[in-house]
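Descriptive structure summary
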Amino acid sequence: MERQVYDNMAEVDGRHWWFVARRRIIEAMIAERIHPAPDARVLEVGCGTGSNLALLKTFGSVEAIEPDAEARAFAARRSGVAIRGGTLPGGAEIDDGAYDLVTLFDVLEHIPDDRGALAELSRKLKPSGRLLVTVPAMPWLWSGHDVAHHHQRRYTAALLRRVLAESGFRTLHLTYFNSLLFPLVAAARAWARLTGREGGNDALPPPAVNDALREIFAAERHVLSRFSLPFGVSLAVIAEPIAAERLAA
């Protein structure tokens, strides 16, 4: 991502409606669908400025990887978590068969070789481990925001399911989310295209607007772990690794 994107993220990710609501949704999905043991070993891949690490620490012992040096240092200061550098696939030192939960929160879309990265992570999970991924959805929503964030792609549910299967994972639960605000986001992206004002602006809205958007988005946590929504700005998936011997069968 652009340096400015990281800097802005560090400034607003504790208050911005999107980050706060997404954390509430992540928390609900882990607690209600994954049920990690109290001594779970958790890895966040691409932790950015570390805004999710405090939440993940409530579910076990947390480790993290972040390729950007400045973001890595900021995340380590704010969380107390030892964060390693490196990229996937092949550029990070990660123990095989070690983790109960591996997470990528809006990270996979940045990785050119998404299948290679996921295949590597399938070997890092315990046989009973789980993968939790969120990604931007709907390729037709592609905008200047995606460009500024150096996205490689946006996903459909079918594409994400196929990428996981080809990388050694079985999908357990897949759903679109950020669905309640989908019409607003789609309209805003269309208007930006028409007016030529596309960009990667993640500025904090006025307090009343920020609070309203946060509560609308976060309300989806009450249904996302039980039901699969048919559309949304983003996708979330929980998957399990398929044993190597079963893949070879």
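This section reports on the structure supplied with the text. Position numbers for residues count from 1 along each chain, tracking the sequence in the order it is written. Note on the predicted model: pLDDT of at least 70 is required for a residue's local features to be given, and 80 or more for side-chain atom pairs to be given and counted; whole-chain, interface and lining totals, by contrast, use all residues. As a convention, hydrogens and water are excluded, and side-chain values are obtained from all of the structure's heavy atoms.

This part is about the pattern of salt bridges. Salt bridges are defined by distance alone: a side-chain nitrogen of Lys or Arg within 4 Å of a carboxyl oxygen of Asp or Glu. Under the defined criterion, the tally for this structure stands at 17 salt bridges. Residue Asp13 pairs with Arg78 through a salt bridge whose shortest N-O separation is 3.0 Å. With a gap of 65 residues between them, Asp13 in the loop between helix H1 (3–12) and helix H2 (17–34) and Arg78 in helix H4 (residues 69–79) connect regions that are remote in the sequence. Take Arg78: its relative accessible area is 39%, and that puts it in the partly exposed class. Here Arg130 and Glu240 are joined by a salt bridge, their closest N and O atoms 3.4 Å apart. Note that Arg130 is positioned in strand E5 (residues 125–136) and Glu240 in strand E7 (residues 234–241), a separation of 110 residues in sequence. Residue classification places Arg130 among the partly exposed positions, given a relative accessible area of 22%. Several salt bridges share partner residues, and in doing so they unite Arg24, Asp211, Arg214 and Glu215 into one network. Runs of H or I in DSSP of at least four residues are treated as helices and runs of E of at least two as strands, each being numbered from the N terminus. Buried residues are those whose accessible area, probed at 1.4 Å on protein chains only, stays under 20% of the maximum for their type, while exposed residues exceed 50% and partly exposed ones sit between those limits.

So, about the packing of aromatic side chains. Stacked, tilted and edge-to-face pairs are distinguished by plane angle, under 30 degrees for stacked and over 60 for edge-to-face with tilted covering the rest, among Phe, Tyr and Trp rings (Trp via its six-membered ring) whose centres lie within 6.5 Å. Taken as a whole, this structure holds five aromatic pairs when the rule is applied. For the pair Trp18 and Phe19, a centre-to-centre distance of 5.1 Å together with 90° between the ring planes defines the contact as edge-to-face. You can call Trp18 buried: its relative accessible area is 18%. Among the aromatic side chains, those forming a connected cluster through ring pairs are Trp17, Phe177 and Phe217. The rule for a charge over a ring is simple: NZ of Lys or CZ of Arg within 6 Å of the ring centre, and within 35 degrees of the ring normal. Positioned above the aromatic ring of Tyr99, the side-chain terminus of Arg41 is 4.6 Å from the ring centre.

Looking now at the packing of helix H5 (residues 114–124) against helix H7 (residues 157–166). Orientation is described by lines fitted to C-alpha atoms, with helices fitted over the stretch in contact, and by angles between N-to-C directions that extend from 0 to 180 degrees. Interaxial distance between H5 and H7 falls to 8 Å at its minimum, and their mutual angle equals 50°. Judged by the inter-axis angle, H5 sits oblique to H7. Considering how the two elements wind past one another, H5 and H7 form a crossing that is right-handed. Contacts between H5 and H7 involve Asp114, Arg115 and Leu118 from the first element and Leu159, Arg162, Val163, Leu164 and Glu166 from the second. Orientation is classified from the angle alone, with under 35 degrees giving roughly parallel, over 145 giving roughly antiparallel, 65 to 115 giving roughly perpendicular, and any other angle giving oblique. With the far helix as reference, a near helix turned anticlockwise by less than a right angle produces a left-handed crossing, and one turned clockwise produces a right-handed crossing. Any pair of residues with heavy atoms lying within 4.5 Å of one another is described as a contacting pair.

Once that is clear, we can look at the sheet that holds strand E6 (residues 169–177). Pairing within the open sheet is mixed, and its seven strands lie in the order E3-E2-E1-E4-E5-E7-E6. At either margin of the open sheet sits one strand with a lone partner, and together these are strand E3 (83–84) and E6. Whether two strands pair comes down to DSSP finding at least two bridges between them. Two elements, E6 and E7, share eight bridges in a ladder whose sense is antiparallel. Bridge pairing links Tyr176 to Leu235 in E7.

The next subject is the nonpolar core. Generally speaking, nonpolar side chains in soluble globular proteins are found buried as a group. To define a nonpolar core, start from buried Ala, Val, Leu, Ile, Met, Phe, Trp, Tyr and Cys residues and group those joined through side-chain atoms within 4.5 Å. Counting 38 residues, the largest nonpolar core has Val102, Leu104, Leu108, Leu131, Leu160 and Leu235 as the members making the most contacts within it. Within the residue set of this core, elements represented by two or more residues are strand E1 (41–45), strand E4 (99–105), H5, E5, H7, E6, helix H8 (182–195) and E7. In this view, Leu235 contacts Val133, Thr134, Val135, Ala137, Tyr155, Thr156, Ala157, Leu160, Leu174, Thr175, Tyr176 and Phe177; residues no more than four positions away in its chain are not counted. Core analysis: the second largest hydrophobic core is formed by 34 residues, Trp17, Ala21, Leu181 and Phe217 among them.

What follows is about H4. It helps to recall that an α-helix has 3.6 residues per turn; residues three or four apart then point in one direction. Turning to H4, its buried residues are Ala71, Ala75 and Ser79. Seen from one end, H4 has its buried residues packed into an arc of 45°, which puts them on one side. Summarising the geometry of H4, the exposed residues directed more than 90 degrees from the buried face are Glu70 and Arg77. In this structure Asp68 caps H4, since a side-chain oxygen of it lies 3.3 Å from the backbone nitrogen of Glu70. Positive phi shows up at Gly80, right after H4, with a value of about 75°. For this quantity, the arc is that covered by the directions from the helix axis to the C-beta atoms. Residues adjacent in sequence count toward polar contacts only when both atoms are side-chain atoms; beyond that, a polar contact is any pair of N or O atoms within 3.5 Å, and within protein one must be able to donate a hydrogen and the other to accept it.

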